[in-house]
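Residue-level structure breakdown
Letter by letter, the chains look like this.
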Amino acid sequence: MNMPVLGFGTFRLQDELAYQSTLSALKLGYRHIDTAQIYGNEEQVGQAIADSQINHNEIFVTTKVWNDNLTQLKLLDSVKQSLSKLQLDAVDLLLVHWPAAPAGVEMEEYLNAMLEAKKAGLTREIGLSNFTVSQIKQAAETISMDDIFTNQVEVHPYLQNNTLGEFCDNAGLHITAYMPFAYGKVLKDEVIQSIAHSHQATPAQVVLAWLRQKNMTTIPSSTNEQNMQANMQSLWLTLNEAEIQAIAKLDCGDRQATPDFSPQWDE
Ligand SMILES: NC(=O)c1ccc[n+]([C@@H]2O[C@H](COP(=O)([O-])OP(=O)(O)OC[C@H]3O[C@@H](n4cnc5c(N)ncnc54)[C@H](OP(=O)(O)O)[C@@H]3O)[C@@H](O)[C@H]2O)c1
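Values in this document were obtained by computation on a predicted structure and should not be read as measured data.

A closer look at unusual backbone geometry
- Phi at M179 takes a positive value of approximately 50°, unusual for a residue other than glycine.
- Looking at where M179 falls in the secondary structure, it is placed in the loop between β7 (174-178) and α7 (190-199).
- Phi is positive for N215, which is not a glycine, with a value near 65°.

The structure is reproduced here in structure tokens:
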């Protein structure tokens, strides 16, 4: 199936909360779930998918290979373990979580292992996450741009990632925007609140509509059914050009996800 433009993120959701939130999201109509090996919730996500009684073919599931598993030796086995936890034969999308393989492992090694996972039918698509322009170029020389389904990166009004965005647009590489609310920070912004007010919408809906109108997929997370439902309704909100321009001016490079193994980010 195609990747729905609005998905459901599961970072930080653990145990019963991961299960209940994913189940609620599915019941409310979400058909795109984003998890990762490192989130430690693939089992709960898988159980929620099974218990939702929705046909697996109707749900787009993404998981991400953690840094330690980015080797020829470990990658495929780690994906098989993910699939077993998720109770799935294959995921729709398998991402390299970070360009941060163990020391001495070249990109070529783990990207070829990602392709092998696809050829073995463990995933329908493969992609990248947290890759910079130069790393995407290197990846496209190693495998090919056509093999790369998306680059999942942090994008929200305070970190618009325009250099990367322009490169991906020109290269025909789709961007999936993670942490669309900067974990809640941008929802307090006065400009966003005022745009929301004029549409009788919520700040979260404004941010999600803005990302959709930038042709990005996004994956907000929520543990609250009202928020999940309101976020879905952003699909019916359209911002005008002046509003889009006003949000463009909020960019201030305020990055949230900066672990010590981060790449040298694009300016
Ligand atoms: N590839 C990567 O390296 C990477 C890194 C980070 C994140 N991600 C993915 O991106 C997803 C989203 O990022 P995130 O979870 O870190 O942060 P986020 O989606 O930006 O923010 C989540 C926060 O927003 C709140 N929220 C959600 N909807 C709301 C609404 N309508 N009104 C008010 N508050 C609302 C949630 O609270 P409630 O629970 O109360 O609703 C939660 O505290 C992750 O879950 C993960 O799947 C990927």
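Considerations on the environment of P263
- Topologically, P263 is positioned in the segment after α10 (241-248).
- Using a relative accessible area of 12% as the deciding quantity, one classes P263 as buried.
- Spatially, the C-alpha atom of P263 lies 7.9 Å from that of A100, the residues being 163 residues apart in sequence.
- If we ignore the near neighbours within four places in the chain, the residues touching P263 are W98, P99, N130, T132 and Q135.

A word on the sheet that holds strand β5 (residues 123-129)
- Sheet architecture is open: eight strands sit in the order β1-β2-β3-β4-β5-β6-β7-β8, paired in parallel fashion. The open sheet terminates on both sides in strands that have one partner only, identified here as β1 (8-9) and β8 (217-218).
- Note: strand β4 (residues 91-96) against β5, five bridges, orientation parallel. Paired with L95 across the strands is G127, a residue of β5.

Side note on the pattern of salt bridges
- According to the stated counting rule, one finds four salt bridges in the structure shown.
- For R124, the salt bridge is made with D92, and the minimal N-O distance between the two is 3.0 Å. Here R124, found in strand β5, pairs with D92, found in strand β4; they are 32 residues apart in sequence, far enough to count as distant.
- Taking relative accessible area as the criterion, R124 reaches 43% and is therefore assigned partly exposed.

Section: the site of the ligand
- Taken together, 28 residues lie around the ligand, and R12, D34, S222, T223 and N231 are the ones closest in.
- Contact distances for the ligand include 2.7 Å between an oxygen atom and a side-chain N or O atom of D34.
- Alone, the ligand offers 900 Å² of accessible surface; in the complex the protein occludes 86% of this.
- Classifying every residue of the shell around the ligand by side-chain character gives 13 nonpolar, twelve polar and three charged.

Remarks on the packing of aromatic side chains
- Taken as a whole and judged by the stated rule, the model has six aromatic pairs.
- Among the aromatic residues, ring-to-ring pairing joins W66, W98, F261 and W265 into one connected group.
- One cation-aromatic arrangement involves R12 over Y183; the distance from NZ or CZ to the ring centre is 3.6 Å.
- For the cation-ring pair, R255 lies above W265, with the distance from its terminal atom to the ring centre recorded as 3.9 Å.

Basis of the calculations
Residues numbered from 1 in each chain as written. Predicted model: local features only at pLDDT ≥ 70, side-chain atom pairs only at ≥ 80, totals over all residues. Heavy atoms only, no water. Helix = DSSP H or I, 4+ residues; strand = E, 2+ residues; numbered from the N terminus. Buried < 20%, exposed > 50% of the residue type's maximum accessible area, 1.4 Å probe, protein only. Contact = heavy atoms within 4.5 Å. Pairing = 2+ DSSP bridges. Salt bridge = Lys/Arg side-chain N within 4 Å of Asp/Glu carboxyl O. Near = heavy atom within 4 Å. Polar contact = N/O pair within 3.5 Å; in protein donor to acceptor, adjacent residues only side chain to side chain. Areas by Shrake-Rupley, 256 points an atom, 1.4 Å probe, with all protein chains shown as cover. Nonpolar A, V, L, I, M, F, W, Y, C, P; charged D, E, K, R; others polar. Phe/Tyr/Trp six-rings, centres within 6.5 Å; stacked < 30°, edge-to-face > 60°. Lys NZ or Arg CZ within 6 Å of the ring centre and 35° of its normal.

Purely geometric numbers; function is a separate question.
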